[in-house]
Amino acid sequence: ADGSTIVLDDAKNGALAQQGNTQVIKIDGKLDYNFNGSASKEVLYNTISTPRGGQYRVELPDGSMVWLNAASSLRFPTAFSGKERRVEITGEAYFEVAPLTPKGGQGKIPFTVKVNGAEVRVMGTRFDVMAYDDEAIVKTTLLEGSVKFVKNNISSMLSPGQQSQLSKDGRVKIINDIDADKVIAWKNGIFNFQGADVGAVARQLSRWYDVDVVCNKKIDDLFYAEIPRSTRLADVLKALELTGKVHFKIEGQRIVVMP
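What counts as what
- Residues numbered from 1 in each chain as written.
- Predicted model: local features only at pLDDT ≥ 70, side-chain atom pairs only at ≥ 80, totals over all residues.
- Heavy atoms only, no water.
- Helix = DSSP H or I, 4+ residues; strand = E, 2+ residues; numbered from the N terminus.
- Rg over C-alpha atoms; globule rule 2.2 N^0.38 Å.
- Buried < 20%, exposed > 50% of the residue type's maximum accessible area, 1.4 Å probe, protein only.
- Areas by Shrake-Rupley, 256 points an atom, 1.4 Å probe, with all protein chains shown as cover.
- Lys, Arg positive; Asp, Glu negative; His and termini not counted.
- Charge placed at Lys NZ, Arg CZ, Asp CG, Glu CD.
- Expected span 1.5 Å × (residues − 1).
- Contact = heavy atoms within 4.5 Å.
- 1 Å grid on protein atoms, 1.4 Å probe; cavity = no way out; pocket = protein on both sides within 12 Å on 5 of 7 lines; lining within 4 Å.
- Points joined across faces, edges and corners; volume = space filled by probe spheres on them.
- Nonpolar A, V, L, I, M, F, W, Y, C, P; charged D, E, K, R; others polar.
- Pairing = 2+ DSSP bridges.
- Axes fitted to C-alpha atoms, helices over the stretch in contact; angles between N-to-C directions.
- Parallel < 35°, antiparallel > 145°, perpendicular 65-115°, else oblique.

Colleague: Which residues make up the overall build of the protein chain, and what values do they have?
Modeller: Looking only at helices and strands, the protein chain features three helices and 21 strands. For the protein chain, the C-alpha radius of gyration of 20 Å lies close to 18 Å, the compact-globule estimate for 259 residues. Here the C-alpha coordinates of the protein chain stretch approximately 65 × 45 × 25 Å along the principal axes. In the protein chain, which comprises 259 residues, the share counted as buried stands at 43%. For the protein chain, the exposed area adds up to about 13,500 Å²; of that, 47% sits on carbon and sulfur atoms. Distance between charge centroids for the protein chain: 4 Å, based on 33 positive and 31 negative side chains.

Colleague: Summarise helix α2 (residues 198-209); cite the residues concerned and give the values.
Modeller: With 12 residues, α2 should cover 16 Å at 1.5 Å per step; its first-to-last C-alpha distance of 16 Å lies within 8% of that length. Residues of α2 that are buried sit in contact with β17 (190-197), β18 (212-215), β19 (222-228), α3 (233-241) and β21 (254-258). Looking one or two places after α2, you find D210, whose phi comes out positive at around 55°.

Colleague: Got a sec to walk through the layout of surface pockets? Specific residues and values, please.
Modeller: Empty space among the atoms becomes visible once a probe the size of a water molecule is rolled across them. Size it by volume and the largest pocket reaches roughly 740 Å³. Taken together, 32 residues make up the lining of the largest pocket; nearest its centre are M130, K139, K182, A200 and Q204. Elements that contribute at least two residues to the lining of the largest pocket include exactly β11 (126-131), β12 (137-144), α1 (180-183), β17 and α2. By residue number, the principal contributor to the lining of the largest pocket is β17, which donates seven residues. Here the residues of the lining of the largest pocket are counted per class, giving 16 nonpolar, six polar and 10 charged. Of the voids in this model, the second largest pocket is the one considered here, and its volume is about 630 Å³. As for the second largest pocket, its lining consists of 26 residues, of which I6, L8, T47, I48 and S49 are closest to the centre. By residue number, the principal contributor to the lining of the second largest pocket is strand β4 (residues 45-49), which donates five residues. Of the residues that constitute the lining of the second largest pocket, the class distribution is 14 nonpolar, 10 polar and two charged.

Colleague: I'd love a proper account of the pairing of strand β9 (residues 111-115), names of residues and values included.
Modeller: On a regular strand, one side chain projects to one face of the sheet and the next to the other, so that they alternate. By the criterion of burial, β9 is predominantly enclosed, with four of the five residues buried. In this structure, strand β8 (residues 85-96) lies alongside β9, joined through four bridges in parallel fashion. From the neighbouring strand, R86 faces β9, where its bridge partner is T112. One ladder, built from five bridges, connects β9 with strand β10 (residues 118-122); its direction is antiparallel. Pairing of V115 across the sheet is with A118, part of β10. The turn linking β9 back onto β10 is made up of two residues, and N116 within it adopts a positive phi angle of 50°.

Colleague: Quick one: what's the story with the packing of α2 against α3, residue by residue and with numbers?
Modeller: Packed helices, taken two at a time, are described by the angle between their axes plus the distance between the axes. Between α2 and α3, the shortest axis-to-axis distance is 12 Å and the interhelical angle comes to 170°. One way to sum up the angle between α2 and α3 is to call them roughly antiparallel. Of the residues in α3, those touching α2 at V201, L205 and Y209 are L233, V236, L237 and L240. Taken together, the residues of the contact of α2 with α3 break down into seven nonpolar, no polar and no charged.

Structure (structure tokens):
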């Protein structure tokens, strides 16, 4: 909240900072926000950002868990107070939201994710939001519970197994029977290319391996593969080339895609 930056890769396990009545603790690739006491009148915000090739997990002060994919960010208050919980993301994040009851015990405090001018309104649930700037569609996929996707005056309720798709022109489309394992494969350390075009494959490789992927010619073929994200880039490219649909030329940090 004071503008200082902590590089988590370099930081040792243990307490990293004190934000009001909240202690920030690093534990083996996870950031914990332990709230102790009453919320201060001033709302303090933190932002956690992952670079290309990075992935991180955050436990928010209310016990909600957030997994951040590569090249993503999460902005959140260090302590939740009032009638709602509100966070903001860029890139992609998977949420497991903890139900929270207000003082007095009536109802539950809603959880809202702000993304690209839209909102995902939640009541204790598991879901994934993908909103990278280089993607044509913002996708919200519900695994458990219920969420409402809101953009301007348009809103849609999602049931488990459904996905809302927000295009850049503002249209919202609901897709049924989504394969949730495919959507959150990244969280489990897997590239899941099930019917992915070469552009989608290239964007995922670019974010994870911190390379620029260039495709000079249109390739209509779709790819079907599951590859651990721990695999070396050269081996991933070799596996994709074995399909006979595509070839790659490596030029330093630049990968050229050729038919």
